[in-house]
Amino acid sequence: MVRTSVLVLIGFLVFASIDDAFAAPPEPVAAKSVGEATKRVETARAALATAVQRIEKDPPSNPDLDAALAAVEALKDALNAGASFETEDLDYAKIVLAARKELRTQREYVEDRRAKVHIHEFRRRIDAALAPMNERVAKVTAKDSGPKEVDEARAAVDALKKLAEEGRPLTKQDPKFAAYLSELDATISRHEKTIDERWLQQSAQKQRGLLDESRKALANALAEVGKAWSDDKFSAADKATVALQKQLDEGRPLEEKDKTYRAEADKARAEIAQAKRRMDELVVQAGVSRVKAEMGPAHDELIAAGKALRARKPTPEQFAEAKTAAFVVRKLVEKYEPQAARSQPIGQYITEVKNLLVEVEVALQVRSLDAARADVIQALRNLERRAPTPEQFEEANTAMVVLQKTLETVHAKNPAISPSAAEARQLLKDGKATMERRRYEVDLQQQRAKVDEARKNAAALVMQIQKEKPTEAQLAEAENAVKQIGVVLDAGVAFVKKDRDYSLYAKESKERMAELADRINRRRIVLSAAEARAQLTEQLTTAKDKLEAAKRASSTDADLEAANKVVNDIMKTFETRAELEQQDAGYAGYAERARNELLKLVEALEFARQARALRRTTGEALAAASATSEAAASAADLRKKKELYASALDKLKACQEDGARMVKENAGLGSVDVLVGGLPTSPQEVMAQCAQKAAALQEPQKKVDVQLRFDDGPRKAYDLAKSLLSKGKKSEALDQYNNCVAEGRILENRYPEFKEQKFTVAGTSMNVLELIQVCVKERKPLQAAR
């Protein structure tokens, strides 16, 4: 049922305003090309055709109807996405024209199918609810039907009316459905009339029963009063009269619709009038003596209380007794006021008692006002002392609240009370002004005391940092103390506009605050300048020591990096302390001298860096080349040996060329010492040693190169030819013999000085020429076989 209701509501919204229903979805993403737009339109058309085919069956399902509506919107979005191409491409424009016709016709078809489905659903639901409603209305017409049946029938009619209203917007889609609802409205009207008539009958019957009960209760109460008089019985009869009158008032709307009930109501009114006359007669018969018998003792107590109150200073006990007596008499007066209204003698007696009661109550109220006023006056006097406490302000406020509440309980218009009430109101007004004035004065006094305390504390802390070398924590504490003056002043900003003296005091305090802050700032500058001078001094000393180490012939890259780091630290110190130079002239002069020293250090560092590079290029390169050549001489692997010799020669070449270039660029480098074997040597001598070492390595390097070329060339080809020949691969073997001869001739021509050098080949020793002859001899049979 819930799903059906949701679908019905969706259908109503669709047919009420199609434009509004489709205003919510976002704009489709525009197609990037004609091809993309065409593909999207064709895909949407195919999807719509499939969706429409599904809803052609009877009855179509709600998911299929929703899918068809979504397919319609998808085709619309696809057309909108390619709208910009309609005027640019003729073929696409033709496709769009056909698609728009399909969109219009298919949308009308889908909407029509949806409407018919929703109308069918509404008729099914209405028919399902109509039968139970008819059954409940039929039960109402039965003689034994009660309120339950009426309520159930009315609920069924209301539910059917609500359902009909939900489907009424669909009447525009189907005239038959409109006629169906019209017949339903007529049926509902008939049933409502039947229910109302039955409800009226039941209500009148119920009201007659309640009226009979009230009439019997009144009759019984009057009978009891007639037997023997008592206040309780008289009160019960009076209540029964009121209850019967209330019952008549509640049933008055039924009198116009039910004649039988109207007749019973007229009889009840006559009985009420008769009961009132009977009660008046009983009151007269009882007389005033019975009332006096009960009220007399309390009346006497009230007379005594009145005399005590008229004394100059009644005691608290007398005051309490008067309150109690007045309370008792007031309750008795209220009890007998109904009888007083029916009996003149009783009324006269009650009036006399009330006059005395009013006199006593007035006296009590005046005494209460006087006591409350006295408390307020005393509390206000306490506030006038030199330094009233917060508790005393609270006491004064409480006393004024008590006076206000007391004033609200008295009869201020009574001539006997009005003078005291007027004085109390004036005291409240004056007391409020006094409290506000004193509160302002005390708050102002406390505010000045807070500012004085903050100033005193700040001045002491500032004085302390001037006498000794303060820590950062002490400086921060002094700064916070100065800021606290501002915090306290901000808290009392309201007094600046109200009090001229405090305004001048606050202005002077702000000036004092600025002065203290300036003293702290100056002190911080002095301390920072001293710290900066000490830091620069230490850094310059360290830089000189590090630079001396970097200048030595035995210095390392680490020594040079250490000196460079110290110089960089000095530069950073100048940058971070730049503002301090503008703030402190002494530090500015020292910093200028330190910069001059730094320039000298930078120049010396640059020369040390170049000297270190020269030593690395010459002396260290010579030592490394020597170690490498020794490793090459002892290496067993020919390729490793060749690689080591090449590395050693590269180092020696750099020693000669780069060393000469560096000395040429900076003539001062020619006088530095370069350690060779632990002995200081001139750069020129070291470069000469590098040249000698390089010349000595030429021969062993060439030997290694010849050996490698022999092994990789003719010998390798010979060994491979022998192996192939043993396997019967004569053609491949002949190629390798040819390679042996060719590689041997190349080696012989490139290194003629080594043509007599013997090499190991196939377990024998022979030179290059001999190997060539062997290869020529062994290939002849193979050439002949070809």
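Residues numbered from 1 in each chain as written. Predicted model: local features only at pLDDT ≥ 70, side-chain atom pairs only at ≥ 80, totals over all residues. Heavy atoms only, no water.

### Let's talk about the overall build of the protein
Worth spelling out the cut-off: What counts as a helix is a DSSP run of H or I of at least four residues, what counts as a strand is a run of E of at least two, and both are numbered from the N terminus. Throughout, exposure labels follow a simple rule: accessible area from a 1.4 Å probe, protein chains only, divided by the maximum for the residue type, with under 20% read as buried, over 50% as exposed, and the rest as partly exposed. Whether two residues are in contact is decided by their heavy atoms, any of which lying within 4.5 Å being enough. Throughout, the Shrake-Rupley method with a 1.4 Å probe supplies accessible areas, and for residues the shown protein chains are the sole cover considered.
What the protein contains, in helices and strands, is 25 helices and 4 strands. Each of the 786 residues in the protein was classed as buried or not, and the buried ones make up 38%. For the protein, the share of sequence-separated contacts (at least 6 apart) that also reach a separation of at least 24 residues comes to 74%. Of the roughly 45500 Å² of accessible surface on the protein, a fraction of 53% belongs to carbon and sulfur atoms.

### A look at the pattern of salt bridges
Here is the rule we go by: Salt bridges are identified by distance alone: a Lys or Arg side-chain nitrogen within 4 Å of an Asp or Glu carboxyl oxygen.
Taken as a whole and judged by the stated rule, the model has 31 salt bridges. In this structure, the salt-bridge partner of Asp518 is Arg522, at a minimum N-O distance of 1.9 Å. Linking Asp518 with Arg522, this pair stays in helix α17 (residues 500–551), spanning 4 residues, or about one helical turn. According to the relative accessible area criterion, Asp518 is partly exposed, its value standing at 37%. Arg639 serves as the salt-bridge partner of Asp712, at 2.9 Å between the closest nitrogen and oxygen. Placement of Asp712 in helix α23 (residues 683–726) and of Arg639 in helix α22 (residues 638–665) is noted, with a sequence separation of 73 residues between them. On the accessibility criterion, Asp712 (39% relative accessible area) is partly exposed. A residue is classified by how much of its surface remains accessible, and Arg639, at 52% relative accessible area, is exposed. Through salt bridges that share partners, Glu384, Arg437, Arg438 and Glu441 make up one connected network.

### Some words on the nonpolar core
Just so we agree on the cut-off: Only buried residues count toward a nonpolar core. Its members are Ala, Val, Leu, Ile, Met, Phe, Trp, Tyr and Cys residues joined through side-chain atoms within 4.5 Å.
In this structure, Leu614, Leu652, Cys655, Leu669, Val686, Cys690 and Leu697 are the most contacted members of the largest nonpolar core, which totals 25 residues. If you tally residues by element for this core, the top one is α22, at 8 residues. Setting aside anything within four residues of it in sequence, one finds Cys690 in contact with Thr618, Leu622, Leu652, Cys655 and Gln656. Grouped together as the second largest cluster of nonpolar side chains are 24 residues, Phe574, Leu580, Ala594 and Ala608 included.

### Some details on the packing of α23 against helix α25 (residues 768–785)
Note the threshold: Simply put, an axis is a line fit to the C-alpha atoms, just over the touching stretch for a helix, and the angle between two N-to-C directions goes from 0 to 180 degrees. Any angle between 65 and 115 degrees counts as roughly perpendicular, while under 35 counts as roughly parallel, over 145 as roughly antiparallel, and the rest as oblique. Each crossing is labelled by how the near helix is turned from the far one, with a counterclockwise turn of less than a right angle marking it left-handed and a clockwise turn marking it right-handed. Only Asp, Glu, Lys and Arg are considered charged, only Ala, Val, Leu, Ile, Met, Phe, Trp, Tyr, Cys and Pro nonpolar, and every remaining residue, Gly among them, polar.
Two elements in contact, α23 and α25, have axes separated by 11 Å at closest approach and are oriented at 30°. The angle between the axes of α23 and α25 places the two elements in the roughly parallel class. Seen from above, α23 lies across α25 with left-handed handedness. Contacts from Phe710, Pro714, Arg715, Tyr718, Lys722 and Leu725 in α23 reach Val768, Leu771, Val774, Cys775, Glu778 and Leu782 in α25. Classifying every residue of the contact of α23 with α25 gives 9 nonpolar, no polar and 3 charged.

### Observations regarding the side chain of Arg612
Within the secondary structure layout, Arg612 lies in helix α20 (residues 585–617). Each residue touching Arg612, except ones within four places of it in the same chain, is listed here: Ser555, Thr556, Asp557, Leu560 and Glu620.

### A word on the state of the cysteines
Let me state the cut-off plainly: A pair of sulfur atoms, both from cysteines and within 2.5 Å, is called a disulfide here.
Counting across every chain of the model gives 2 disulfides. At a sulfur-sulfur separation of 2.1 Å, the disulfide partner of Cys655 is Cys690. Classification of the bridge connecting Cys655 and Cys690 rests on its S-S torsion, roughly 80°, and on that basis the disulfide is right-handed. Pair noted here: Cys655 is in helix α22 and Cys690 is in helix α23, with a separation of 35 residues, a long-range link. Both residues of the pair, Cys655 and Cys690, count as buried. Sulfur-sulfur distance for the disulfide between Cys740 and Cys775 comes to 2.1 Å. Linking Cys740 and Cys775, the disulfide has an S-S dihedral of approximately 70° and is accordingly described as right-handed. Linking Cys740 in helix α24 (residues 730–750) with Cys775 in helix α25, this pair joins segments that are 35 residues apart in sequence. In terms of burial, Cys740 and Cys775 fall into one category: buried.

### Things to note about a negative patch on the surface
Inclusion rule: What makes a patch is a set of residues exposed beyond 30% relative accessible area and free of salt bridges, joined within 9 Å when like-charged and within 5 Å when nonpolar (Val, Leu, Ile, Met, Phe, Trp, Tyr). By the counting rule applied here, Lys and Arg register as positive and Asp and Glu as negative, while His and the ends of each chain are not counted. Charge placement uses NZ in Lys and CZ in Arg. For Asp and Glu, CG and CD serve respectively.
Side chains of Asp300, Glu301, Glu317 and Glu321 sit close together on the surface and give a patch of like negative charge. Along the chain, Glu321 falls in helix α11 (residues 316–342).

### Looking at the packing of aromatic side chains
To keep it simple, the criterion reads: Ring pairs are drawn from Phe, Tyr and Trp, using the six-membered ring of Trp, whenever the two centres fall within 6.5 Å, and their geometry is named by plane angle: stacked under 30 degrees, edge-to-face over 60, tilted for the rest. Should the NZ of a Lys or the CZ of an Arg lie within 6 Å of a ring centre and within 35 degrees of the ring normal, that charge is described as sitting over the ring.
The full count for this structure, using the stated rule, is 5 aromatic pairs. Geometrically, the ring pair formed by Phe495 and Tyr502 is edge-to-face, given 5.9 Å between the ring centres and 70° between the ring planes. The two residues Phe495 and Tyr502 agree in class, both being buried. The interplanar angle of 15° and the centroid separation of 4.1 Å between the aromatic rings of Phe710 and Phe759 together place this pair among those described as stacked. Of this pair, Phe710 sits in helix α23 while Phe759 sits in strand β3 (residues 759–761), and the two are 49 residues apart along the sequence. Assigned by exposure class, Phe710 and Phe759 land together as buried. An aromatic cluster is defined as three or more aromatic residues linked by ring pairs; in this entry it consists of Tyr440, Phe495, Tyr502 and Tyr505. Taking NZ or CZ as reference, Arg439 lies 3.9 Å from the ring centre of Phe393, over its face.

### Considering unusual backbone geometry
You will see that Ala762, though not glycine, has its phi angle at about 55°, which is positive. By secondary structure assignment, the location of Ala762 is in the loop between β3 and β4 (764–766). For Ala762, a relative accessible area of 61% gives the class exposed.

### A look at the environment of Val110
Here Val110 lies in helix α5 (residues 90–140). For Val110, a relative accessible area of 0% corresponds to the buried category. Sequence-wise, Val110 and Ile55 are 55 residues apart; in three dimensions their C-alpha atoms are separated by 8.0 Å. If we skip the residues at most four places from it in the chain, Val110 touches Val52, Ile55, Ala68, Leu69 and Val72.

### A look at the environment of Asp64
Within the secondary structure layout, Asp64 lies in helix α4 (residues 62–81). Assessed through its relative accessible area of 17%, Asp64 is described here as buried. Sequence separation between Asp64 and Val52 is 12 residues; the distance between their C-alpha atoms is 8.5 Å.

### Re the packing of α24 against α25
Running from amino to carboxyl end, α24 crosses α25 at an angle of 155°, the nearest separation of the two axes being 9 Å. Relative to α25, the element α24 lies roughly antiparallel. Our pair here, α24 against α25, has a crossing hand that is left-handed. Of α25, the residues touching α24 (which contributes Lys730, Ala733, Leu734, Tyr737, Asn738, Cys740, Val741, Gly744, Arg745, Leu747 and Glu748) are Val768, Leu769, Leu771, Ile772, Cys775, Val776, Glu778, Arg779, Leu782 and Gln783. Taken together, the residues of the contact of α24 with α25 break down into 13 nonpolar, 3 polar and 5 charged.

### Let's talk about helix α15 (residues 472–491)
As a reminder, the rule being used: Every helix has an expected span of 1.5 Å times one less than the residues it contains. Directions pointing from the helix axis toward each C-beta atom define the arc.
For α15, with 20 residues, the first-to-last C-alpha span of 28 Å sits near the 28 Å given by 1.5 Å per residue. When we look at burial in α15, the residues that qualify are Leu475, Ala478, Ala481, Val482, Ile485, Gly486, Val488 and Leu489. Along the long axis of α15, the arc covered by the buried residues comes to 170°, so they all point the same way. Counted as exposed and oriented over 90 degrees from the buried face of α15: Ala473, Lys483, Asp490 and Ala491.

Function cannot be read off these values alone, since they describe shape.
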